[in-house]
Amino acid sequence: MSSREGGDLVIASVSDVGEDGQYFVYLLASKIGGTRYIGVTTDLVRRVHEHREELADGFTKKYNVAKLVYFEAHSDNWDDLYSQIAKV
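Note that the structure is predicted; figures quoted are calculated from it, not measured.

Let us look at the pattern of salt bridges. The full count for this structure, using the stated rule, is four salt bridges. Two residues, Lys61 and Asp57, come together in a salt bridge whose shortest N-O distance is 2.9 Å. Judged by its relative accessible area of 69%, Asp57 is exposed. A single network of salt bridges, built from pairs that share partners, joins Asp43, Arg46, Arg47 and Glu50.

This next bit is on the environment of Ile32. Along the chain, Ile32 turns up in the loop between strand 3 (23-29) and strand 4 (36-41). The spacing of Ile32 and Val69 is 37 residues in sequence and 9.8 Å in space, taken between C-alpha atoms.

Residues other than glycine seldom take positive phi values, yet Glu54 does so here, at roughly 55°. Checked against the element boundaries, Glu54 lands in the loop between helix 1 (44-52) and helix 2 (59-62). According to the relative accessible area criterion, Glu54 is partly exposed, its value standing at 35%. The backbone phi angle of Asn64 is positive, close to 55°, even though this residue is not glycine. You can see Asn64 is positioned in the loop between helix 2 and strand 5 (67-74).

Attention shifts here to the nonpolar core. In terms of nonpolar packing, the biggest core is built from eight residues, these being Phe24, Tyr26, Leu28, Tyr37, Leu44, Val48, Phe59 and Val65. Contributions of two or more residues to this core are made by strand 3 and helix 1. By residue number, the principal contributor to this core is strand 3, which donates three residues.

To continue, consider the packing of aromatic side chains. Applying the stated criterion across every chain, the model contains four aromatic pairs. Here Phe24 and Phe71 contribute two aromatic rings whose centre-to-centre distance is 6.3 Å and whose plane-to-plane angle is 65°, an arrangement assigned as edge-to-face. You can see Phe24 sitting in strand 3 and its partner Phe71 sitting in strand 5, a full 47 residues away along the chain. With centroids separated by 6.4 Å and ring planes inclined at 20°, the aromatic side chains of Tyr37 and Phe59 adopt a geometry described as stacked. In this pair, Tyr37 is assigned in strand 4 and Phe59 in helix 2, connecting sequence segments 22 residues apart.

What counts as what
Just so you know, the residues in each chain are numbered from 1, in the order the chain's sequence is written. For a predicted model such as this one, the threshold for reporting local features is a pLDDT of at least 70, and the threshold for listing and counting side-chain atom pairs is 80 or more; totals across whole chains, interfaces and linings nevertheless cover every residue. Only hydrogens and water are set aside; all other atoms, that is, all heavy atoms of the structure, feed into the side-chain values. By definition here, a salt bridge exists when the distance from a side-chain nitrogen of Lys or Arg to a carboxyl oxygen of Asp or Glu is within 4 Å. Partly exposed describes any residue whose relative accessible area lies between the buried limit of under 20% and the exposed limit of over 50%, with all areas from a 1.4 Å probe on protein chains only and scaled to the type maximum. The secondary structure listing takes helices from DSSP runs of H or I that are at least 4 residues long and strands from runs of E that are at least 2 residues long, numbered from the N terminus. Put simply, a nonpolar core is a bunch of buried Ala, Val, Leu, Ile, Met, Phe, Trp, Tyr and Cys residues held in one set by side-chain atoms that sit within 4.5 Å of each other. Geometry of aromatic contacts follows a simple scheme: Phe, Tyr and Trp rings, the Trp one being its six-membered ring, pair when their centres are within 6.5 Å, and the pair is stacked under 30 degrees between planes, edge-to-face over 60, tilted otherwise.

And the structure:
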C-alpha cells in the first residue's frame, strides 16, 4: 500500500484486485469540512470496519477519519480508478 498526503486529503492505493476483478474506491471524512481520505479495497465492509474500530495504526487513526462519505464499485480497469481519483 502507498499513500500521498496533500493538505487535508490523503489518497491511498492498493496493488491487488480481488479474484472477481472488482474493487471499491471510497471516501472517508473526520467531520463536515474536516480531513478526508480516499482508499481502495476489495472488501469495503471489512475495510470501513477497520477504520472505525481503529484496528491499524496510520493516518485515519491519527486524524480520526472514519465516516464513510461515498464509495463506488469498479472493475479491474485501473485507468478508471486513476481518472476517478484525479477528479477529487
